[in-house]
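# Reading the structure
Read off the chains here:
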Amino acid sequence: MTVDLRSDTVTKPTPGMLEAMFSAKVGDDVFGEDEAINELEQKAAAMFGMEAGLFCPSGTMTNQLAIKCFTQPLDELICDHTAHVYRYEGGGIAFNSAVSTRLLNGYRGIITPEMIEPEINAENIHYPHTSLVVLENTSNRGGGSCYTLDQIKAIAQLCKSKGLKFHLDGARIFNALAYTGDSAAEYGKYFDGISVCLSKGLGAPVGSVLLADAPTIKYARRVRKVLGGGMRQAGFLAAAGSYALDHHVERLKIDHAHAQILADQLNQCSWVSNVLPVETNIILFDTVEPAAAVSEKLAEHGIKAMPTDKHRIRFVLHLDVHPEQVEYMVKVLGAM
Ligand SMILES: *Cc1c(COP(=O)(O)O)cnc(C)c1O
């Protein structure tokens, strides 16, 4: 048996999703004529109480477009030091937007108004102009940790009072909502921009949607075109995204339950020194032996997992991990 826990991006389209893709009503999206894309953008925007959406090839692009829309060159944005926008988008903040980054030491990727406020620069010719705060929910490097709505409200309030824009990297926002029970529609009230990833736990092959007000999306569409992201009959991909929003949101709870089962098992393993608290579909755990050696051992049993540090391994649950595979893993982990 093989189990691929390297990432929730490894999922393949389900038969139902493939059917939806085959029957998509497409057209030239650069002319605004792709029905499947228009439907996805409107559906996602409505879910989050936002005015408009923009379908993009990746979450990197939706985040980078948001940063471009919400800043001017010589500005500074504030985010946690583990943030995807800073660590895993190739330095795009500086390259695309000519913006500098103020990093915070959050707790498992979660930052607070108390951390943010002292880092907002005063108006002074020496300082970059602080214009944007970026949150990541769930936090990837934080091990799938979530914000409460109260935490988000408090940061939104601070941003408003200081004239800052507020963007959410919601690559795994539906995992966060499944955990907290908050409604997506509430989120639109607090953020200026939201990135929603369709190809992580939701299981679509490609794509993310950027959500914001209509003028912001109009400008983001322009920048997407400049970057070569104006796709034509991409409705075949958007249809997979719509299908995922309709059919794969509820089931995220299953991934979370699977993660709990595996974390409970890991907590009983003598070769594991620490398991971080599990909230959603990501497990981070520390190993006594070097992580590279442990991941090789796991691979011998058909279990693919990624070391994220010298003594740390990450498991990510997703819709292509079935109960039989979780059962198998419990046995393998227990016997190692
Ligand atoms: C995966 C991910 C993204 C987007 O990544 P792409 O591979 O560009 O789609 C953004 N933020 C977080 C936290 C992610 O995990």
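Residues numbered from 1 in each chain as written. Predicted model: local features only at pLDDT ≥ 70, side-chain atom pairs only at ≥ 80, totals over all residues. Heavy atoms only, no water.

### A closer look at the overall build of the chain
- When helices and strands are counted, the chain shows 14 helices and 13 strands.
- The C-alpha atoms of the chain give 20 Å as radius of gyration, which agrees with the globular expectation for 336 residues (20 Å, within 12%).
- Projected onto its principal axes, the C-alpha coordinates of the chain cover approximately 60 × 50 × 35 Å.
- Here the chain holds 336 residues, and 55% of them are scored as buried.
- Considering only residue pairs separated by 6 or more positions, the chain has 73% of its internal contacts joining residues 24 or more positions apart.
- With an accessible surface of roughly 14,700 Å², the chain has 54% of that area assigned to carbon and sulfur atoms.
- The average position of the 30 basic charges and that of the 39 acidic charges among the side chains of the chain differ by 3 Å. (Helix = DSSP H or I, 4+ residues; strand = E, 2+ residues; numbered from the N terminus. Rg over C-alpha atoms; globule rule 2.2 N^0.38 Å. Buried < 20%, exposed > 50% of the residue type's maximum accessible area, 1.4 Å probe, protein only. Contact = heavy atoms within 4.5 Å. Areas by Shrake-Rupley, 256 points an atom, 1.4 Å probe, with all protein chains shown as cover. Lys, Arg positive; Asp, Glu negative; His and termini not counted. Charge placed at Lys NZ, Arg CZ, Asp CG, Glu CD.)

### Digging into the site of the ligand
- Every residue lining the ligand is accounted for by Ser58, Gly59, Thr60, Asn63, His84, Glu136, Asn140, Asp169, Ala171, Arg172 and Lys200.
- In this structure, Lys200 approaches the ligand through a side-chain N or O atom, which is 2.8 Å from an oxygen atom.
- For the ligand, the accessible surface in isolation is 380 Å², of which the surrounding protein chains cover 83%.
- At 3 residues, the largest contribution of residues to the shell around the ligand is made by helix H3 (residues 59-70). (Near = heavy atom within 4 Å. Polar contact = N/O pair within 3.5 Å; in protein donor to acceptor, adjacent residues only side chain to side chain.)

### Description of unusual backbone geometry
- Thr138 follows Asn137 through a cis peptide bond whose omega is 0 degrees.
- Secondary-structure assignment places Thr138 in the loop between strand E5 (129-136) and helix H7 (149-162).
- Notably, Arg108 is not glycine yet its phi reads approximately 50 degrees, a positive angle.

### Topic: the domain arrangement of the chain
- With domains assigned, the chain is organised as domain 1 (15-247) and domain 2 (251-335).
- The centre of domain 1, based on its C-alpha atoms, is set 28 Å off from the matching centre of domain 2.
- Opposite the 19 residues of domain 1 that make contact, domain 2 presents 15 residues.
- Note on domain 1 versus domain 2: buried area summed over both sides is about 1,400 Å², and carbon and sulfur give 52% of it.
- Taken together, the links from domain 1 to domain 2 amount to 2 salt bridges.
- As a salt-bridge pair, Asp309 and Arg141 come within 3.9 Å of each other at their nearest N and O atoms.
- It is helix H8 (residues 173-180) that provides the largest number of residues to the side of domain 1 that touches domain 2, a total of 5 residues.
- Split into classes, the residues belonging to the side of domain 1 that touches domain 2 amount to 6 nonpolar, 10 polar and 3 charged. (Domains from an automatic or database assignment. Buried area = accessible area lost by both parts, 1.4 Å probe. Salt bridge = Lys/Arg side-chain N within 4 Å of Asp/Glu carboxyl O. Nonpolar A, V, L, I, M, F, W, Y, C, P; charged D, E, K, R; others polar.)

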